[in-house]
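# Understanding the architecture of this molecule
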Amino acid sequence: MLGIIGGSGFYNAGYAENIRHLEMVTEYSDVAVPIELIETDKPFAFLARHGKDHHIPPHEINFRANIDALRQAGVTEIVAINAVGGIAEGTGPGSIIVPDQLIDYTWGRHSTFCGQSKRFVQHVDFSFPFDKALSDKLVSAVNVINDQSGAARPVMAGGVYGVTQGPRLETAAEIKKMRRDGCDIVGMTAMPEAVLAREASINYALIALSVNWAAGILPSEVTMDEIKAVLADGHQFLRRVIARIIDG
Ligand code: HPA
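A quick note: this is a predicted structure, and the numbers were derived from the prediction, not measured.

### Description of the overall build of the protein chain
The number of helices and strands found in the protein chain is 5 helices and 11 strands. Taking 2.2 N^0.38 as the reference for a compact globule, 248 residues should give roughly 18 Å; the C-alpha atoms of the protein chain span a radius of gyration of 17 Å, in line with that estimate. If you line up the protein chain on its principal axes, its C-alpha atoms span 50 × 45 × 30 Å. Residue burial in the protein chain is summarised as follows: out of 248 residues, 50% are buried. Restricting to contacts in the protein chain with at least 6 residues of sequence separation, those with at least 24 account for 80%. Looking at the protein chain as shown, the accessible area adds up to about 11,800 Å², and 51% of this sits on carbon and sulfur atoms. Looking at charge distribution, the protein chain has the averaged site of its 22 positive side-chain charges lying 2 Å from that of its 29 negative ones.

Printed below as a string of C-alpha cells:
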C-alpha cells in the first residue's frame, strides 16, 4: 500500500469520505500516531508530518514513530511531500523538484531503528536514497498535469536535497557552502525520514515544492508571507499529482 507523508501546509489527504482514522501505537512514542486510511478502490495511507495543525517543528518530529506507524498500517512505499528553498537555477518559488540524492546536515535526531537495546546492528545501503521507479512516476505525473492544464510549472528531475536542522532558516554563508557541496535545494525534513524508510524496507520517493529562494540567493531576506503564497497554490497542483499516483 502507498503512504503519503504531507509536509508544511499539507495536513490531510483531501478526501471527505471513506476515511478511517487510525491511532497507531509504536514503541517510539508515548502518544499514538494519527494516520488516515483512505479506503477507496486503491487504498492508501496519509500522515501529516508536522501534525494536523502544524504544531511539531522539524527538529521535534518523531520520525521513527511515523515510519513505524506507516509500516504497521501496511505501507510498502512512501511518497513524501516537502516544502523547500531553491538554491540551483531552475528551483525558484513554485517549481517542483524530484531529487535523486541528499546530503544530511541534521544532528541529534533519532536516525536509526537499530541499537544496543534492540540487540542488532544494521548498515543499510543508502547509495541511492530515493526509489527510482517511484521518482520517475512522480516526474511523469507532473508532466501530464502540466500538459492537461496548460500549466508550465517547472519540474526538475533529479537534484541534491540538503537537509538542515531548522527550525531557523539558513544564513547566506551556509547556503553558499551548501551550493559548493552540490546541494540544489534545501529543506528540513527528508532526514532521517528517508533512511528510516530504507531500514524498514519501504520504498521512498520525495516530491519537493520550492517555496522561496534560499538565503542569500536574492539580496532580500526570506519572508513567511512569500512562502505562504506559494504554498497554497503549489499544493493544489501537488494534490493532483498525488491523485494521479494513487490512481495510476
Ligand atoms: N531552508 C530550509 N527549509 C526550507 C526553506 C529554506 O529556505 N524553505 C522551505 N523549507
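### Quick word on the pattern of salt bridges
For the structure shown, the criterion picks out 7 salt bridges. Residue Glu39 is joined to Arg20 by a salt bridge in which the shortest nitrogen-to-oxygen separation is 3.0 Å. Linking Glu39 in the loop between strand 3 (33-38) and strand 4 (44-48) with Arg20 in strand 2 (residues 19-24), this pair joins segments that are 19 residues apart in sequence. By relative accessible area, which is 37% here, Glu39 ends up partly exposed. Judged by relative accessible area, which is 42%, Arg20 ranks as partly exposed.

### Considerations on the environment of Ala243
Looking at the element boundaries, Ala243 is found in helix 5 (residues 224-247). Distance in space between the C-alpha atoms of Ala243 and Ala13 is 9.5 Å, their sequence separation being 230 residues.

### A closer look at the nonpolar core
Within the largest apolar cluster, 39 residues are counted, with the highest numbers of intra-cluster contacts made by Ile35, Ile67, Leu70, Ile78, Tyr161, Tyr204 and Leu206. At the level of secondary structure, the elements contributing two or more residues to this core comprise strand 2, strand 3, strand 4, helix 1 (63-72), strand 5 (77-86), strand 9 (160-163), helix 4 (193-199) and strand 11 (203-213). Looking at this core, the element that brings in the most residues is helix 1, giving 5 residues. The residues touching Leu70, leaving out its near neighbours within four places in the chain, are Ile5, Ile35, Ala45, Leu47, Val75 and Ile78. Formed by 31 residues, the second largest nonpolar core is a distinct cluster that contains Leu2, Phe46, Val139 and Phe237.

### A closer look at the packing of helix 2 (residues 132-149) against helix 5
Two numbers describe a pair of packed helices, the interaxial angle and the distance between the axes. Put simply, helix 2 and helix 5 touch, their axes get as near as 9 Å, and they point 120° apart. Regarding the angle of helix 2 to helix 5, the classification is oblique. Crossing of helix 2 against helix 5: the hand is right-handed. Side by side, helix 2 and helix 5 meet where Lys137, Leu138, Ala141, Val142, Val144, Ile145, Asn146, Gln148 and Ser149 of the first sit next to Phe237, Arg240, Val241, Arg244 and Ile245 of the second. Class assignment of the residues belonging to the contact of helix 2 with helix 5 gives a composition of 8 nonpolar, 3 polar and 3 charged.

### What to know about the site of the ligand
The environment of the ligand is formed by Ala83, Val84, Gly85, Leu169, Glu170, Val186, Gly187, Met188, Val211 and Asn212. Ala83 has a polar backbone atom sitting 3.4 Å from a nitrogen atom of the ligand. Separating a nitrogen atom of the ligand from a side-chain N or O atom of Asn212 is a distance of 2.6 Å. Secondary-structure elements contributing two or more residues to the shell around the ligand are strand 5, strand 10 (185-187) and strand 11. Tallying contributions element by element places strand 5 first for the shell around the ligand, with 3 residues. For the shell around the ligand, the class distribution of residues is 6 nonpolar, 3 polar and 1 charged.

### Comments concerning the packing of aromatic side chains
Aromatic ring pairs are defined here through the distance separating the ring centres and the angle between the ring planes. Evaluation of the coordinates by the stated rule reveals 3 aromatic pairs. With a centroid separation of 5.3 Å and 55° between ring planes, the pair formed by Tyr28 and Phe113 is classed as tilted. Linking Tyr28 in the loop between strand 2 and strand 3 with Phe113 in the loop between strand 7 (101-104) and helix 2, this pair joins segments that are 85 residues apart in sequence. Look at Phe130 and Tyr204: their rings are 6.2 Å apart centre to centre, the planes differ by 25°, and that puts the pair in the stacked class. A residue pair is termed long-range when its members are at least 10 positions apart, and Phe130 in the loop between strand 7 and helix 2 and Tyr204 in strand 11 qualify at 74 residues. Tyr204 matches Phe130 in its accessibility class, with the two residues each being buried. Between the NZ or CZ atom of Arg153 and the centre of the ring of Phe237, over which it lies, the distance is 4.9 Å. The residue whose ring lies beneath Arg239 is Phe10, and the NZ or CZ to ring-centre distance is 4.3 Å.

Basis of the calculations
- Residues numbered from 1 in each chain as written.
- Predicted model: local features only at pLDDT ≥ 70, side-chain atom pairs only at ≥ 80, totals over all residues.
- Heavy atoms only, no water.
- Helix = DSSP H or I, 4+ residues; strand = E, 2+ residues; numbered from the N terminus.
- Rg over C-alpha atoms; globule rule 2.2 N^0.38 Å.
- Buried < 20%, exposed > 50% of the residue type's maximum accessible area, 1.4 Å probe, protein only.
- Contact = heavy atoms within 4.5 Å.
- Areas by Shrake-Rupley, 256 points an atom, 1.4 Å probe, with all protein chains shown as cover.
- Lys, Arg positive; Asp, Glu negative; His and termini not counted.
- Charge placed at Lys NZ, Arg CZ, Asp CG, Glu CD.
- Salt bridge = Lys/Arg side-chain N within 4 Å of Asp/Glu carboxyl O.
- Core = buried A, V, L, I, M, F, W, Y, C linked by side-chain atoms within 4.5 Å.
- Axes fitted to C-alpha atoms, helices over the stretch in contact; angles between N-to-C directions.
- Parallel < 35°, antiparallel > 145°, perpendicular 65-115°, else oblique.
- Left-handed = near helix turned anticlockwise from the far one by under 90°.
- Nonpolar A, V, L, I, M, F, W, Y, C, P; charged D, E, K, R; others polar.
- Near = heavy atom within 4 Å.
- Polar contact = N/O pair within 3.5 Å; in protein donor to acceptor, adjacent residues only side chain to side chain.
- Phe/Tyr/Trp six-rings, centres within 6.5 Å; stacked < 30°, edge-to-face > 60°.
- Lys NZ or Arg CZ within 6 Å of the ring centre and 35° of its normal.

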